[in-house]
Amino acid sequence: MIKSAALAVFALLSAAAAQAEPYVLYKDAILIDGTGAPPKGPATILVKGERIERVWFGNELAFKLPPDSKVVDAAGLYVLPGLINSHEHLATPPNRPFAEAQLKRDLYGGVTGQRDMADDLRQVADLARASRVGEIPAPDIHYAALMAGPDFFKDPRTHAVSAGATPGRTPWMQAIDARTDLRTAVTLARGTSASAIKVYADLPGARVKAIVAEAHRQGILVWAHAAVFPAKPSEVIASGADALSHVCMLAYEVSDPVPGAYHDRAPVDEARLGQGDNPVIGKLLGQMKAKGTVLDATLFVYEGLDRRAAANPKAKPYCTLAVAARLTDQARRAGVTISAGTDGFSPPEDPYPGLYQELELLVKTAGFTPLQAIQAATEGGAKSITRDPDFGTIAPGKLANLMFTAKDPSADIGALRTVVLTVKRGVAYPRSDYDPKADLAARKED
């Protein structure tokens, strides 16, 4: 009797909460929906709570609003899905003020989601929780637990993210060898609430395949480097990994020999790669398209390597932006789903996210149209995170993750810098509320 009464009260409270969810109408913006379709409008987007309820165009009468609804006049603005950075590291090493400052800059720059590609998950998990419940202004965070061969855990970064524990023997950073019980290892990784397992380095192809098979059996995705050394790109693709990072690593398929370990990798052999479309790479890309494997290109990384090489001519980068852009262009034309990730941050003084630079590089160097670049940072980013995303495009039922700009980013990708409003899960974050100087000191890494 008591239990039934409690359930009845809970049901009434839940119904009241649902009825209390406010309606917000964003009226008469030009819609860029994230699918690659051309802009259309004026469009009106009805948001209830954290989700999009309806989308309609022109003066079409679609819904009679309750009297307490809020109407936002978006005439003259452009609306696109909240952006997604598919490659960031927020806690290597953990630095909470730094991470929160980066996340705040991202959110007020229109970024509503991101993949954290393996860090100290003790901190990242709490950042994800704090973002989700609104304690801090931040994108939604989807993160990975890392697996690699035992030799990789000599890397000092693994010590920084495992402080207080043994590197390679934590649920978020596991050393995998022939003796590892993969069922237990994957279960431990899932226990961190990770969205995926990241397969990083120093694993043979057969072991990568076994990790992917067990992860998929337990219902968790696998995000991997495009080459895992000694596992070749072809072996990583064949394993069924859901998303691959760092486009230049595909070029190791034509290396002779393929590097045997992550820290022993030589620069990409541009002579063997040749000019124009490489047929071996083309075969890999065809397999990726057939499997639905997402490519997280990270041109931002290769531009950074070029800058460091220019400052120190004796240091030869393992790949150049020119090669990375050529491979990304080939992947785009092959129909591979590409996501936009940075694997780094814009300079502390820059008031906008580094993701803008990644999108500009896709347009300037890899043959993308602005619409294709936007799609990489919206629909493509969502597909890098989950197989069936409820975010990344603007449509009824999707999360109300929106970015409004004063100028048309489908005509000029630089127009993202005219962002005036971000909406994440229905909550509005006006750009005018953001002071980029306030957290400048925190954005400077130690």
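Here, the structure is the one placed above.
The rules behind these values
Residues numbered from 1 in each chain as written. Predicted model: local features only at pLDDT ≥ 70, side-chain atom pairs only at ≥ 80, totals over all residues. Heavy atoms only, no water. Helix = DSSP H or I, 4+ residues; strand = E, 2+ residues; numbered from the N terminus. Rg over C-alpha atoms; globule rule 2.2 N^0.38 Å. Buried < 20%, exposed > 50% of the residue type's maximum accessible area, 1.4 Å probe, protein only. Contact = heavy atoms within 4.5 Å. Areas by Shrake-Rupley, 256 points an atom, 1.4 Å probe, with all protein chains shown as cover. Pairing = 2+ DSSP bridges. Right-handed = clockwise from strand over helix to strand, strands pointing away. Core = buried A, V, L, I, M, F, W, Y, C linked by side-chain atoms within 4.5 Å. Disulfide = S-S within 2.5 Å. Salt bridge = Lys/Arg side-chain N within 4 Å of Asp/Glu carboxyl O. Axes fitted to C-alpha atoms, helices over the stretch in contact; angles between N-to-C directions. Parallel < 35°, antiparallel > 145°, perpendicular 65-115°, else oblique. Left-handed = near helix turned anticlockwise from the far one by under 90°.

A. Up close: the overall build of the protein. Scanning the protein for helices and strands turns up 15 helices and 18 strands. Taking 22 Å as the expected radius of gyration for a compact globule of 446 residues, we find that the protein reaches 22 Å, a close match to that expectation. C-alpha atoms of the protein, sized along the principal axes, occupy 70 × 60 × 45 Å. Out of the 446 residues belonging to the protein, those deemed buried represent 53%. For the protein, the proportion of contacts with a sequence separation of at least 24, taken over those separated by at least 6, is 72%. For the protein, the exposed surface amounts to about 18,600 Å²; the carbon and sulfur share of it is 55%.

B. Expanded view of the pairing of strand S12 (residues 221-225). Of all five residues that make up S12, five are buried, and the element is covered over most of its length. Here strand S11 (residues 196-199) pairs with S12 via four bridges, running parallel. For Lys198, the partnering residue across the bridge sits in S12 and is Trp223. Here S12 pairs with strand S13 (residues 243-245) via three bridges, running parallel. Bridge pairing links Ala224 to Leu244 in S13. In this fold, the crossover linking S12 to S13 by way of helix H7 (residues 233-239) has right-handed handedness.

C. Summary view of the nonpolar core. Leu83, Ile197, Val199, Val247, Leu250, Tyr302 and Tyr318 are the most contacted members of the largest nonpolar core, which totals 102 residues. Once you skip the residues sitting within four places of it in the chain, Val199 turns out to touch Met147, Val208, Ile211, Val222, Trp223, Ala224, His225 and Val228. Ala43, Val47, Ala400 and Leu421 belong to the second-largest nonpolar core, a separate cluster that totals 16 residues.

D. Region of the structure containing the state of the cysteines. Following the criterion strictly, the structure yields one disulfide and no others. The disulfide bridge from Cys248 ends at Cys319, spanning 1.8 Å between sulfur atoms. Residues Cys248 and Cys319 are joined through a disulfide that is left-handed, its torsion about the S-S bond being -50 degrees. Here Cys319 lies in the loop between helix H10 (299-311) and helix H11 (321-333) and Cys248 lies in the loop between S13 and helix H8 (270-273), a separation of 71 residues in the sequence.

E. Focus on the pattern of salt bridges. Tallying each qualifying case throughout the model produces 23 salt bridges. For Lys424, the salt bridge goes to Asp140, with nearest N and O atoms at 3.1 Å. Of this pair, Lys424 sits in strand S17 (residues 419-424) while Asp140 sits in strand S8 (residues 140-148); the two residues are 284 residues apart in sequence, bridging distant segments of the chain. Assigned by exposure class, Lys424 and Asp140 land together as buried. A salt bridge links Asp140 to Arg425; the shortest N-O distance between them is 2.8 Å.

F. Representation of the packing of H10 against H11 within the structure. It is at 8 Å that the axes of H10 and H11 come closest, and there the two elements cross at 160 degrees. With respect to their mutual orientation, H10 and H11 come out roughly antiparallel. Crossing of H10 over H11 shows left-handed handedness. Only Leu321, Ala324, Ala325 and Thr328 of H11 make contact with H10, whose side of the interface consists of Leu299, Tyr302, Glu303 and Asp306.

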